[in-house]
Amino acid sequence: MNEIIRVKNLSVGYENEIVLQNLDFSINETEITVILGKSGCGKSTIMKTLIGLIPPITGDVYFYDEKVDYLSEHVLKSLYKKIGVLYQGSALLNSLDLYENIALPIRMHYPDLPVLIEKEMVYSRLSQVGLRGSAHKLPGELSGGMRKRAALARAMILDPKIIFCDEPSAGLDPITAAELDHLMLELRKLFGITFLVVTHELRSIEKIADKALVLNEGYMHYYGEYSNLISLKDPFIDSFFLKNKTAQRNSG
Ligand SMILES: Nc1ncnc2c1ncn2[C@@H]1O[C@H](COP(=O)(O)OP(=O)(O)OP(=O)(O)O)[C@@H](O)[C@H]1O
Ligand SMILES: [Mg+2]
């Protein structure tokens, strides 16, 4: 299997705070990796670093064996053509309809693309997420689940190799969340898309995870097959799952 991302001795954080250090892991094509850990442990920070929103403090990230120079605007621009991002809260622009929202990355990266091709691309993505009939609705006119699917369509518009999703099922009811998981699995099957997903929804994790990256107290606690996690009998991991299970049962 081809390696798509390799992270070597990476430390991430902000000007005054190292949030996580000594991160080492690699992600293979078509795998779904989930990032797990308590609130505030740095899940979104890793994601933001990998997609170039904040620079790494130390260490390196390789994308298909090529070291990413996060300080180069040119490198970032070309990276953005190959990755998709589903931001927490969807991040659709409220004043634009779905068509316009989904066309944004095309217009940004390929401004000279003929309109007919743009239309073909946008409508084909809308169909893939079951929203072809909603092209001219505003985000405010959609349900939470529809907005997530629209955000996924936008993340996929440039045929990315990998999609980064930060809490994709946050705020969705269990049935809609399960539909979103199913959609991700379908997109992986049909287009070979790789996913890196931050989530704490146990049902989602169980359904989609091939690999798990577990974070604790500034370090990577575990990285490997998700199926091995439970049999490890690791006190931190067991208590993480138990606490999440109790919290999710109590919240309905
Ligand atoms: N823009 C920022 N500037 C400075 N510190 C930040 C910034 N964003 C996050 N942090 C800090 O970095 C740490 C990790 O935050 P992060 O958002 O990555 O956590 P998380 O694991 O995604 O949490 P959650 O599950 O609540 O989303 C926290 O201590 C947080 O206060
Ligand atoms: Mg977060």
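Here's what I pulled together on the structure shown here. Small disclaimer: the values here were computed from a predicted structure and weren't measured. (Residues numbered from 1 in each chain as written. Chains lettered and ligands numbered in written order. Predicted model: local features only at pLDDT ≥ 70, side-chain atom pairs only at ≥ 80, totals over all residues.)

### So, the nonpolar core
1) Next: Counting residues in each nonpolar core, the largest one holds 61 residues, and the members touching the most others are A153, I163 and F164.
2) Next: No other element matches helix 5 (residues 144–156), which puts six residues into this core. (Core = buried A, V, L, I, M, F, W, Y, C linked by C-beta atoms within 7 Å. Buried ≥ 20, exposed ≤ 12 C-beta atoms within 10 Å, placed from the backbone. Helix = DSSP H or I, 4+ residues; strand = E, 2+ residues; numbered from the N terminus.)

### Quick notes on unusual backbone geometry
1) Next: Its identity is not glycine, yet T30 carries a phi of approximately 70°, on the positive side.
2) Next: A positive phi angle, near 50°, is found at E167, a position not held by glycine.
3) Next: Secondary-structure assignment places E167 in the loop between strand 7 (162–166) and helix 6 (174–191).

### Examining the sheet that holds strand 1 (residues 3–14)
1) Next: Strand order in this open sheet of four strands is 2-1-4-5, and the pairing throughout is antiparallel. Where the open sheet ends on each side, the last strands, each with one partner, are strand 2 (17–28) and strand 5 (66–67).
2) Next: Pairing geometry for strand 1 and strand 4 (residues 58–63), over five bridges, is antiparallel. For S11, the partnering residue across the bridge sits in strand 4 and is T58. (Pairing = 2+ DSSP bridges.)

### Overview of the sheet that holds strand 10 (residues 219–225)
1) Next: One open sheet accounts for six strands, arranged 6-7-8-3-9-10; its pairing is mixed. Each end of this open sheet is capped by a strand with a single partner; those strands are strand 6 (83–86) and strand 10. Between one strand and the next, the sheet's axes are offset by a mean angle of 15°, whatever the strand orientation.
2) Next: In terms of strand pairing, strand 6 meets strand 7 through four bridges, oriented parallel. Looking at the pairing, G84 lines up with I163 of strand 7.
3) Next: The strands that helix 1 (residues 43–50) touches are strand 3 (32–36), strand 7, strand 8 (194–198) and strand 9 (211–216); relative to strand 7, the one it contacts most, it runs at about 150°. (Axes fitted to C-alpha atoms, helices over the stretch in contact; angles between N-to-C directions. Contact = placed C-beta atoms within 7 Å.)

Geometric descriptors of this kind do not, in isolation, establish any biological role.
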